[in-house]
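Summary of the model geometry
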There are 2 protein chains.
Amino acid sequence: MEKKIKRNFYCGDLREEHEGNDVCLSGWVQTRRDLGGLIFVDLRDRSGIVQVVFNPEYEEAFKKADEIRSEYVISVRGKVSKRPEENVNPKIPTGYIEIIGQEIEILSKAKTPPFLIEDDAKVDEIVRLKYRYLDLRRPKMKENIIFRSKLNKAIRDFLDENGFIEVETPILTKSTPEGARDYLVPSRLNPGKFYALPQSPQLFKQILMIGGMERYYQIARCFRDEDLRADRQPEFTQLDMEMSFVDVDDVISLNEKLIKYVVERVTDIKVNIPFPRITYNEAMEKYGSDKPDTRFGMEMVDVSDAVINSDFKVFKDAVENGGKVKGINIVNGSNLFSRRQIDELVEKAKEFGAKGLAWINIAEEGIKSPIAKFFSSEQIENLISKFNAKTGDLIVFVADKDPELVMTSLGSLRLYLAKTLNLIEKDKFNFLWVTEFPLLEYSEEEKRYVAKHHPFTSPMDEDIYLLESEPWKARAKAYDIVLNGTELGGGSIRIHNTDLQEKMFEVLGFSKERAWNNFGFLLKAFEYGTPPHGGIAYGLDRMAMLLLGLDSIRDCIAFPKTQNASCPLTDAPSEVDQKQLKELHIQLKI
Amino acid sequence: MEKKIKRNFYCGDLREEHEGNDVCLSGWVQTRRDLGGLIFVDLRDRSGIVQVVFNPEYEEAFKKADEIRSEYVISVRGKVSKRPEENVNPKIPTGYIEIIGQEIEILSKAKTPPFLIEDDAKVDEIVRLKYRYLDLRRPKMKENIIFRSKLNKAIRDFLDENGFIEVETPILTKSTPEGARDYLVPSRLNPGKFYALPQSPQLFKQILMIGGMERYYQIARCFRDEDLRADRQPEFTQLDMEMSFVDVDDVISLNEKLIKYVVERVTDIKVNIPFPRITYNEAMEKYGSDKPDTRFGMEMVDVSDAVINSDFKVFKDAVENGGKVKGINIVNGSNLFSRRQIDELVEKAKEFGAKGLAWINIAEEGIKSPIAKFFSSEQIENLISKFNAKTGDLIVFVADKDPELVMTSLGSLRLYLAKTLNLIEKDKFNFLWVTEFPLLEYSEEEKRYVAKHHPFTSPMDEDIYLLESEPWKARAKAYDIVLNGTELGGGSIRIHNTDLQEKMFEVLGFSKERAWNNFGFLLKAFEYGTPPHGGIAYGLDRMAMLLLGLDSIRDCIAFPKTQNASCPLTDAPSEVDQKQLKELHIQLKI
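Residues numbered from 1 in each chain as written. Chains lettered and ligands numbered in written order. Predicted model: local features only at pLDDT ≥ 70, side-chain atom pairs only at ≥ 80, totals over all residues. Heavy atoms only, no water.

1. Brief notes about the sheet that holds strand 5 (residues 97-108) of chain A
Residue and element names in this part refer to chain A. How we decide: Any two strands with at least two DSSP bridges between them are considered paired. A helix here means a DSSP run of H or I that spans at least four residues, while a strand means a run of E at least two residues long, and both kinds are numbered starting from the N terminus. Angular values range over 0 to 180 degrees, each being the angle between N-to-C directions of two axes fitted as lines to C-alpha atoms, with helices fitted over their stretch in contact.
Taken in spatial order, the five strands line up as 1-2-3-5-4 and close into a barrel, and their pairing is mixed. Each adjacent strand pair in this sheet contributes to an overall mean axis angle of 55°, direction not counted. Where strand 1 (residues 22-35) lies against strand 2 (residues 38-45), seven bridges are found, and the strand directions are antiparallel. Note on strand 2: the bridge partner recorded for aspartate 34 is isoleucine 39.

2. Re the relation of the copies chain B and chain A
Heads up, the rule is: When the copies are superposed, the least-squares fit draws on C-alpha atoms of residues that have pLDDT of at least 70 in both.
Expressed as a screw transformation, the operator carrying chain B onto chain A has a rotation angle of 180° and an axial translation of 0.0 Å, and the superposed copies differ by an RMSD of 0.1 Å. In symmetry terms, the pair is related by a two-fold rotation axis.

3. Some thoughts on the nonpolar core
Stated formally: Put simply, a nonpolar core is a bunch of buried Ala, Val, Leu, Ile, Met, Phe, Trp, Tyr and Cys residues held in one set by side-chain atoms that sit within 4.5 Å of each other. Buried means the residue's accessible area, taken with a 1.4 Å probe over protein chains only, is under 20% of the maximum for its type, while exposed means over 50%, and partly exposed covers the values in between. Contact between two residues is taken to exist if any of their heavy atoms lie within 4.5 Å; hydrogens are not considered.
Counting residues in hydrophobic clusters, the biggest one holds 178 residues, and the most contacted among them are Leu197 of chain A together with Leu197 and Val396 of chain B. Beyond its immediate chain neighbours, meaning those up to four positions away, valine 396 of chain B contacts Lys326, Gly327, Ile328, Ile330, Leu345, Leu357, Ala358, Trp359, Leu410 and Leu413 of chain B. Grouped together as the second largest cluster of nonpolar side chains are 44 residues, Ile219, Val248, Val266 and Phe431 of chain B included.

4. Section: the domain arrangement of chain A
Rule in force here: An automatic or database domain assignment is the source of the domain bounds shown.
The domain architecture assigned to chain A consists of domain 1 (11-108), domain 2 (142-278 + 431-578) and domain 3 (296-420). Between domain 1 of chain A and domain 3 of chain A, the C-alpha centre-to-centre distance is 65 Å.

5. Notes on the sheet that holds strand 12 (residues 301-302) of chain A
Residues and elements named next belong to chain A. On the basis of which strands lie adjacent, the open sheet formed by five strands has the order 12-13-16-14-15 and antiparallel pairing. On the outer flanks of this sheet lie strand 12 and strand 15 (366-368), each paired with one strand and no other. Across two bridges, the pairing between strand 12 and strand 13 (residues 324-330) is antiparallel. What sits directly across from valine 301, in strand 13, is glycine 327. Sheet strands in contact with helix 9 (residues 313-320) are strand 13, strand 14 (358-363) and strand 16 (394-400), and its direction is about 50° off that of strand 16. The sheet contacts of helix 12 (residues 377-386) involve strand 12, strand 14, strand 15 and strand 16, and relative to strand 14 the element is tilted by about 90°.

6. A closer look at the packing of aromatic side chains
Residue and element names in this part refer to chain A. Here is the rule we go by: In this scheme Phe, Tyr and Trp rings, the latter by its six-membered ring, pair at centre separations within 6.5 Å, and the angle between planes marks the pair as stacked below 30 degrees, edge-to-face above 60, and tilted otherwise. Here, a charge over a ring means that NZ of Lys or CZ of Arg falls within 6 Å of the ring centre while also lying within 35 degrees of the ring normal.
Enumeration according to the criterion identifies 46 aromatic pairs over all chains in this entry. An aromatic cluster of three or more residues is present, and its members are Phe312, Phe315, Phe374, Phe375, Phe387 and Phe397. Lying over the aromatic face of phenylalanine 510, arginine 514 brings its terminal NZ or CZ to 3.9 Å of the ring centre.

7. A few points about the pattern of salt bridges
Note the threshold: Salt bridges are defined by distance alone: a side-chain nitrogen of Lys or Arg within 4 Å of a carboxyl oxygen of Asp or Glu.
This model, assessed by the stated rule, comprises 124 salt bridges over all chains. Taking the shortest distance from any N to any O, the salt bridge between glutamate 214 of chain B and arginine 7 of chain A comes out at 2.8 Å. Placement of glutamate 214 of chain B in the loop between helix 5 (202-210) and strand 9 (215-223) and of arginine 7 of chain A in the segment before strand 1 is noted, with the two residues assigned to different chains. The partner of lysine 324 of chain A in a salt bridge is aspartate 302 of chain A, and the shortest N-O contact between them spans 3.8 Å. Of this pair, lysine 324 of chain A sits in strand 13 while aspartate 302 of chain A sits in strand 12, and the two are 22 residues apart along the sequence.

8. Re the environment of valine 23 of chain A
All names here are of chain A. If you trace the backbone, valine 23 turns up in strand 1. By relative accessible area, which is 0% here, valine 23 ends up buried. Put simply, valine 23 and valine 80 are 57 residues apart on the chain and 7.1 Å apart in space, counted from C-alpha to C-alpha. Those residues within four positions of valine 23 in sequence are excluded, and the remaining contacts are Asn8, Phe9, Leu14, Val76, Arg77, Gly78, Val80 and Ile99.

9. Brief notes about the UniProt feature "binding site: ATP" (unreviewed entry) in chain A
So the rule is basically this: UniProt positions are given in the numbering used here, feature names are shortened, and annotations may be inferred rather than shown by experiment.
As recorded in UniProt, the sites labelled "binding site: ATP" (unreviewed entry) are Arg224, Asp225, Glu226, Gln233, Glu487, Gly539, Leu540, Asp541 and Arg542 of chain A. By secondary structure assignment, the location of aspartate 225 of chain A is in the loop between strand 9 (215-223) and strand 10 (235-244). Apart from the residues within four sequence positions on either side, aspartate 225 of chain A is in contact with Arg181, Asp182 and Tyr183 of chain A together with Arg188 and Leu584 of chain B. Summarising the element assignment, glycine 539 of chain A is placed in strand 22 (residues 533-539). Overall, the relative accessible area of 23% leaves glycine 539 of chain A in the partly exposed class. Dropping the residues within four chain positions of it, glycine 539 of chain A is found in contact with Thr237 and Leu488 of chain A.

10. Some points on the packing of helix 4 (residues 139-161) of chain A against helix 4 (residues 139-161) of chain B
Going by this rule: Angles below 35 degrees are treated as roughly parallel, those above 145 as roughly antiparallel, those between 65 and 115 as roughly perpendicular, and all remaining angles as oblique. It is the rotation of the near helix from the far one that decides the hand of a crossing: anticlockwise by less than a right angle makes it left-handed, clockwise makes it right-handed. Each residue gets one label: Ala, Val, Leu, Ile, Met, Phe, Trp, Tyr, Cys and Pro are nonpolar, Asp, Glu, Lys and Arg are charged, and the others, such as Gly, are polar.
Helix 4 of chain B packs onto helix 4 of chain A with a crossing angle of 135° between their chain directions and a minimal axis gap of 11 Å. By the angle between their axes, helix 4 of chain A is oblique relative to helix 4 of chain B. Judged by the sense of rotation from one axis to the other, the crossing of helix 4 of chain A with helix 4 of chain B is left-handed. Between helix 4 of chain A and helix 4 of chain B, the residues in contact are Lys153, Arg156, Asp157 and Asp160 of chain A and Lys153, Arg156, Asp157 and Asp160 of chain B, respectively. Split by residue class, the contact of helix 4 of chain A with helix 4 of chain B holds no nonpolar, no polar and eight charged.

11. Some words on unusual backbone geometry
It is generally the case that most residues other than glycine have a negative phi and that most peptide bonds are trans. Backbone torsion omega between isoleucine 273 of chain A and proline 274 of chain A reads -5°, so that peptide bond is classified as cis. With respect to the element layout, proline 274 of chain A can be found in the loop between helix 6 (248-266) and strand 11 (277-279). With an omega of -5°, the peptide bond running from alanine 572 of chain B to proline 573 of chain B counts as cis. Here proline 573 of chain B lies in the loop between helix 17 (540-548) and helix 18 (578-583). Here glutamate 436 of chain B, not a glycine, exhibits a phi torsion of approximately 55°, which is positive. Relative to the elements of secondary structure, glutamate 436 of chain B occurs in the loop between strand 17 (431-435) and strand 18 (440-443). Relative accessible area serves as the criterion here: at 27%, glutamate 436 of chain B is assigned to the partly exposed category.

12. Things to note about the pairing of strand 20 (residues 478-483) of chain B
Residues and elements named next belong to chain B. Burial runs high along strand 20: six of the six residues are buried. Burial along strand 20 is two-sided: the face carrying Ala478, Asp480 and Val482 and the face carrying Tyr479, Ile481 and Leu483 are both buried. Direction of pairing for strand 17 relative to strand 20: antiparallel, over a ladder of five bridges. Bridge pairing links phenylalanine 431 to leucine 483 in strand 20. Turn length for the strand 20-strand 21 (residues 486-493) hairpin, with the two strands adjacent in sequence and antiparallel, is two residues, and the turn residue asparagine 484 shows positive phi of about 50°.

So, in structure tokens, the structure goes:
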């Protein structure tokens, strides 16, 4: 129907300065209360909430106001009026005024919603997703969605200003190995053939560089058919970019400016650039993680040299068999942890993969430690001094002949301690580059070396010679950007010539034939004049989640999917007609 | 390798004012020529081309310059110098200067490309697509891709400024009937079930309105598995938007501002708003098309009344059987068309579906017409006057008992004549709204009425009563935006309550059960407070094509697909492993 009342103001914008204005508002009824012969309606639109008062003087409106219920959609004509002193609500921006309602139009009635349209209403997530249209009306969810839009806009403004071209790359593309599992789409026009949905626009962005586009970006949808963990979605959004004629420093420097610009525009967080950089090796040694959380200290110290001459067989054996002994100092830990709690800590370390956890408790009353007897007092002194530990502290150690295990288990314990002891300041935002990743990593599953990032990542110039002899030692021109212990994004300078790319595939165990079968179009493209190039991709859902301080990635995605990759709102995926399958030249085989 | 020469200027930016500057450039070798003991290299990057001259004074650079070939990627260090008078090339912006090359670094060699990197090189399109990275280096293709990026940016700037929120809607979603054929994606985690790729975000944007987002937009990828015509792609891009609390005028008015802003920002075209509006009926009557090209006149005139009393049986029968007689006046047509050419025009009309084409040739020497004998001279005078025709003109008529056929065939003839007679000014950009579309159209294939736009389009208020009795007569709150005879986009005000939506499905022949099965989540959502809402979607590929004056939509898509929906660059779609199919619970059936 043609609407009689034509909105001329938004609810949340009204202030004392509008007193006396005739306003037309539209929105949802947050609440209706009857009080002292008047009807009070809190009217909500995207901008906020305003109070509308109906009195019997406007008879028709008053009658209609009596009909309305929560979540009815209405339009209201009325006059802005200052609230009587006693009714002022300083907690909301419109709390000094109210609207004297003169006319109501009911645009849509509403059943009683299955949950309250309020932030604090506790609701099962499946119910929220099923009624997403109600869930999105809650102020926080609304703000999350608006935030993402602002985030996108800020990113685009910066990149446009810096000469980046937005290019859309195909969603219906080719299935390629060397990644996660692909989503497949049967082709009707090409019987027996399938498209794959892209896991990232990686190959296309490299082709664009070879095509002379020089600076590309895209806020791109990507797809991975993996079993879902808490913060994974079958489809997710990447900020994807690529630049030509650049080296590692160029990409890092531009991206620092990007992050500073974007984060400061959409949040209150101050960002200082340049960000610290740490090599992969250093990150592993100090933090036991390739995405260290640097909001607190408690860095790991290697004491292998200091224990090699002790009588403690566990430590000695570990070091002598190519392993390490590392420890962290829990400041004030002696006072914080009872003997029983220390035992619990040992159990925790085992959960994280360590064989055990040795400790030295520097108590007021003297050193307490089950391993002290294996050390001379100078050796103990020396150990303690390596941690700058003092009375009241507690030092814990992990030893193993597998150095990786020492680092990761102690790294996990470090994070656990920080959370338990509340060491992390909530308003700290520590950005950090991790560089010089290993080019390869060993895949237990495939019993071969696979690319740590992807097969297009360039080795460091000084390590190229290692590809022939000890490729597992080669480092890559790869970098990750880490925020507060979470990987925000990662990228690399790419290989840009056929020979090196073929060599890389050889190292990965591809025959030349297989390499050309799978990636022939890229190898071929390299032969026609390819600029050096590199780039980065950010997980945009995760970035939004972190900047908003959310616990779940699903709270900043309008229509996320559940653990089994389904959508409670639409019931996707669903069964389809046999006719559809027949046209696609496939049949079910369950 | 670490690059020694670090780019500090772009080739195309250099001018006389840079004389004496030491510059480092990077790019592709457009040409290399040896002349008078010097080597001339045209170096190309995204910004343009600059000439670099190597002389034997810089021995090493001179030697390397001798090695390079077209499409090598190089970096050059040199000094900007004014060209000698006789070498100035005023045709290019950098034509007044050249670079005296002092150092060269070859970054990548290149084979001889299969076609020249020039706009005019005639190349088979399949070859262009296979070597898209070379094709994209051609100036026009590069400009097309950059144009799209600017177009997107302008759209986003306007919509952001006007309170629209960008929201990403799912690509993995639910298969729904009532549209084109879906692309399907088998679900691994839900055996026997399939996602569908969206044909448009229609239902999600309506859900967003019900969720209180009020103003939404998205530059959205959409998918239709149809047999491809020249300007169709299996995946295409829509500018999709939706607004709450609006009527037809609100959507139209905002979109006129959008189009003016965007087109004037990215092209030299001046856009005057408001655009003319024409109802569907008027468009069909005057132009025989629901997307009229108004860059020229030659409007159709209905002469049914004027011929009903003639003796010409063909005309009389048509009108008496519920049909029409319509004609157009070809100004100066008597002079332009010989008798033989008029006969050809008759054949053309038949190609367009007309049973025949009657004509009155108002020649200098008097009326010539095979049908004149059936009319009195007053009747002929009267007919001629209805067209304001004068001596030298040629009037042509189509008659049929099917009025639709009269309009569309004559409409096609009108377009054909405009092209043949060169009546269309190339630099005219006529935007036009077509409104009041029929709600339904009869589908010969399905033997039932189907929605002309889609089942969510609201009927006009004054026509709602017709749904009960004669639904085929009902008009919709639907509008298309037409540019120079091409549909740029279309939209509507949507139905926003369950009862009317259920009624609509009933009219479309859906049982209540089937309606709820397929669209239950929308029908249910309507019950919880739904604002009146409406929107529009533009075909963005087509918009770019028209604004760029291209003949093919593929020339403004970075990686388009061919007629059989395949990609010559990557060879998608392709065969996949049996293992992959097994995981997806499907098998081939060819």
